[in-house]
Amino acid sequence: MLALVTNLVLATFLWQQIHSYAVDAVRRDTNEQSDAFVSVYRSGGLPALVQAIHNASRSLDNSLVALVVDGTGHRQIGIGPDLLTPLATTPGAFRVGSLGREEPWATREAGYTVRRIGAYRLVSGHFLDDWQQERRGIERALLLATILSLMLGIVGGLVVARYVGRRLNSIAAVIEGVGQGDLTRRVGSVAGGGDAFDRLSIRLDAMLDKVERLMAELRIVTDSLAHDLRSPIARLRAKTETAILVTDPVQRDAALSGLLVETDLVMRMLSTLLEITRSQSVSRDRFTDIDPAALVEEIAELYEPVADDAGIRFTTEIEAPSSESHANIVMHRELMTQAITNLIDNALRHAGRGGQITLRLKDVGGDIRLQVEDRGPGIAEADREQALSRFGRLDSARTIPGAGLGLSLVAAVARLHGGRLELGDNAPGLIAAIVLPQ
């Protein structure tokens, strides 16, 4: 409908422009012709004017109007009707209308002017027969163009409506399927397409991929949490029953101490899960410019006495090949500190007495690496993915207290900062590196 209205407005505008141009052309020619006849009359009188009209009548211009009439409108000489209408004999500016009341003059429009010449009036101009024929041709062409435009608009509208409807139906079908629980549905995009529907489909599919990953992770977390809580809760129940039934104060105190240990383990598991969730949804306004070298030095100062007490050698290496390595990085200070300390705690548990831990800051290819290196048993390459998953505990770590959430928290903090957690081989030992873009 909008296209039809636009075409009608355009056609009307074109018709008016063409009509105005034609009328202006006739007005210009008529005024020039009238001025020429009046000049001839003023220089040679009526006989010269008669001769000029006679000469003009012999031209090939069939639209010419040139006649001299008396006060009653009767033609004296020239080309035109025998009797003109009163309006056609009234002197004045250029006008368009019929000159006579009898056929064929009554149906023929002319553009003309009327000038006084003594006792007579000079009527000069041009009939608009040719223009009227051209106008009818233009009107037919505009009408045909409007009809074709309407037909094309209807066909184009049907095609566009079908295309839009098909794309929207495919998107609606995917959304409906996801609403019913099928998270594997995807919209997809047209090969080689790049319109708004393709962009919407790509973003919707990316969102569904993320939702599917989150739901899968939620199921894994739920199953793992239920599995990993079963043992400590069972031990809690057993030690609680023992504490209730035992009569010996020493045994009761030992049972209560074990009860506290198991309770602390469960609390740490739940607290770490809560920290991971919070780290994934922390606001960006909590981020500040921090010097990574200063942060590493502060953490090293904290852990050097702890490592000495555990009989482990603790060293710090800040590699700065360029001044840009000391440039501040926008990060969440508390979360990044917790992530690094988690890596150091893991290294302290697995390094063993007499081992060595290195906290290193280095610039590699424009990325900042905050890494902890130990000389413990390490993690085989095939087991590293499991170690990074929530509640992922390797068989070698089953005897060490823990929930299997430390590395998951570190990985979540790294992703929050646009980075990643990498596990590598220290030959022997493990290299756990938080890689952040500069």
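Residues numbered from 1 in each chain as written. Predicted model: local features only at pLDDT ≥ 70, side-chain atom pairs only at ≥ 80, totals over all residues. Heavy atoms only, no water.

Regarding helix 5 (residues 292-309)
Then comes step 1: Here helix 5 is 18 residues long and its end C-alpha atoms lie 26 Å apart, about the 26 Å a rise of 1.5 Å per residue gives.
Then comes step 2: When the local axis directions of helix 5 are compared, the greatest deviation, roughly 35°, occurs at tyrosine 303, which is followed within four positions by the proline proline 305.
Then comes step 3: Next to the buried residues of helix 5 lie strand 6 (288-290), strand 7 (313-318), strand 8 (329-331), helix 6 (333-351), strand 9 (356-364) and strand 10 (367-374).
Then comes step 4: Backbone nitrogen of alanine 293 and a side-chain oxygen of the N-cap are separated by 3.1 Å at the start of helix 5; the cap is aspartate 291.
Then comes step 5: Positive backbone phi, at 75°, marks glycine 311, one or two positions downstream of helix 5. (Helix = DSSP H or I, 4+ residues; strand = E, 2+ residues; numbered from the N terminus. Expected span 1.5 Å × (residues − 1). Bend = angle between axes of the 7 residues up to and from the residue. Contact = heavy atoms within 4.5 Å. Polar contact = N/O pair within 3.5 Å; in protein donor to acceptor, adjacent residues only side chain to side chain.)

Regarding the nonpolar core
As a rule of thumb, nonpolar side chains are buried together in soluble globular proteins.
Then comes step 1: Met336, Ile340, Ile344, Leu359, Leu370 and Ile434 are the most contacted members of the largest nonpolar core, which totals 42 residues.
Then comes step 2: Beyond its immediate chain neighbours, meaning those up to four positions away, leucine 370 contacts Pro292, Val296, Met336, Ile340, Arg360, Leu361, Ala432, Ala433, Ile434 and Leu436.
Then comes step 3: Core analysis: the next-biggest nonpolar cluster, separate from the first, contains 12 residues, Leu84, Trp105, Val114 and Phe127 among them. (Core = buried A, V, L, I, M, F, W, Y, C linked by side-chain atoms within 4.5 Å. Buried < 20%, exposed > 50% of the residue type's maximum accessible area, 1.4 Å probe, protein only.)

Comments concerning the sheet that holds strand 9
Then comes step 1: Spatially, 7-9-10-12-11 is the arrangement adopted by the 5 strands of the open sheet, whose pairing is mixed. Looking at the sheet topology across the chains shown, the edges are occupied by strand 7 and strand 11 (420-425). Strand-to-strand twist in this sheet, taken as the mean axis angle between neighbours without regard to direction, amounts to 15°.
Then comes step 2: This element, helix 5, spans strand 7, strand 9 and strand 10 of the sheet and lies at about 170° to strand 7.
Then comes step 3: Helix-sheet contacts for helix 6 involve strand 7, strand 9, strand 10 and strand 12 (430-437), and the interaxial angle to strand 10 is about 25°. (Pairing = 2+ DSSP bridges. Axes fitted to C-alpha atoms, helices over the stretch in contact; angles between N-to-C directions.)

Here's the deal with the confidence of the model for the chain
In low-pLDDT regions, the fine details of the predicted coordinates are not to be read closely.
Then comes step 1: Of all residues in the chain, 82% have pLDDT values of 70 or greater, and the mean over the chain is 79.
Then comes step 2: Strand 7 holds the highest mean pLDDT among the elements of the chain, 91, whereas helix 7 (residues 384-388) holds the lowest, 69.
Then comes step 3: Here residues 390-404 is a poorly scored stretch, pLDDT under 50, and it has 39 contacts once near neighbours within four places are set aside; other chains count. (pLDDT = per-residue confidence, 0-100.)

Structural notes on the packing of helix 5 against helix 6
Then comes step 1: It is at 11 Å that the axes of helix 5 and helix 6 come closest, and there the two elements cross at 35°. In this structure, helix 5 meets helix 6 at a crossing whose hand is right-handed. Each of Leu295, Glu298, Ile299, Tyr303, Val306 and Ala307 in helix 5 lies in contact with helix 6, whose residues at this interface are Arg333, Met336, Thr337, Ile340, Thr341, Ile344, Asp345 and Leu348. (Left-handed = near helix turned anticlockwise from the far one by under 90°.)

Describing a nonpolar patch on the surface
Then comes step 1: There is a patch of nonpolar side chains on the surface, built from Leu143, Leu144, Ile147, Leu148 and Met151 and spanning about 480 Å² of accessible area.
Then comes step 2: Counting through the fold element by element, isoleucine 147 comes out in helix 2 (residues 129-179). (Patch = residues over 30% accessible without salt bridge, like charges linked within 9 Å, V, L, I, M, F, W, Y side chains within 5 Å. Areas by Shrake-Rupley, 256 points an atom, 1.4 Å probe, with all protein chains shown as cover. Salt bridge = Lys/Arg side-chain N within 4 Å of Asp/Glu carboxyl O.)

Quick look at the pairing of strand 12
When a strand is regular, its side chains alternate between the sheet's two faces.
Then comes step 1: The buried fraction of strand 12 is high, at 7 of 8 residues.
Then comes step 2: Here strand 10 runs beside strand 12; their pairing, made up of 7 bridges, is antiparallel. Paired with arginine 369 across the strands is valine 435, a residue of strand 12.
Then comes step 3: As judged from the 6 bridges shared by strand 11 and strand 12, these two strands associate in the antiparallel manner. Residue pairing in the sheet places glutamate 422 in a bridge with alanine 433 of strand 12.
Then comes step 4: The antiparallel hairpin formed by strand 11 and strand 12 contains 4 residues in its connecting segment, where alanine 427 sits at a positive phi of about 45°.

Let's talk about the packing of aromatic side chains
Then comes step 1: If you walk through the whole model with that rule in mind, you get 2 aromatic pairs.
Then comes step 2: Each ring, one from tyrosine 163 and one from phenylalanine 197, has its centre 6.1 Å from the other, and the planes form 85°; the classification is edge-to-face. With tyrosine 163 in helix 2 and phenylalanine 197 in helix 3 (residues 196-245), this pair connects stretches of sequence that are 34 residues apart.
Then comes step 3: With a relative accessible area of 18%, phenylalanine 197 lands in the buried category. (Phe/Tyr/Trp six-rings, centres within 6.5 Å; stacked < 30°, edge-to-face > 60°.)

Things to note about the environment of alanine 106
Then comes step 1: Here alanine 106 shows up in the loop between strand 3 (92-98) and strand 4 (109-117).
Then comes step 2: Looking at alanine 106, the relative accessible area reads 31%, which means it is partly exposed.
Then comes step 3: In this structure the C-alpha to C-alpha distance between alanine 106 and leucine 84, which are 22 residues apart in sequence, comes to 9.8 Å.
Then comes step 4: Residues contacting alanine 106, with those up to four places away along its chain left out, are Ser98, Gly100 and Arg101.

A look at the sheet that holds strand 2 (residues 75-79)
Then comes step 1: The strand order across the open sheet formed by 5 strands is 2-1-5-4-3, and the pairing between neighbours is antiparallel. The sheet is open, and its two edges are formed by strand 2 and strand 3, each paired on a single side. Taken over all neighbouring pairs, the strand axes of this sheet differ in orientation by 20° on average, direction set aside.
Then comes step 2: Note that strand 3 and strand 4 share 5 bridges and pair antiparallel. The partner of glycine 97 across the bridge, within strand 4, is alanine 110.

Section: the pattern of salt bridges
Then comes step 1: According to the stated counting rule, one finds 11 salt bridges in the structure shown.
Then comes step 2: For arginine 186, the salt bridge identified is with glutamate 212, shortest N-O distance 2.6 Å. With arginine 186 in the loop between helix 2 and helix 3 and glutamate 212 in helix 3, this pair connects stretches of sequence that are 26 residues apart.
Then comes step 3: When its relative accessible area of 29% is taken as the criterion, glutamate 212 is described as partly exposed.
Then comes step 4: For arginine 333, the salt bridge goes to glutamate 298, with nearest N and O atoms at 2.4 Å. A residue pair is termed long-range when its members are at least 10 positions apart, and arginine 333 in helix 6 and glutamate 298 in helix 5 qualify at 35 residues.
Then comes step 5: Arginine 333 gets classed as partly exposed once you look at its relative accessible area, which sits at 30%.
Then comes step 6: Overall, the relative accessible area of 41% leaves glutamate 298 in the partly exposed class.

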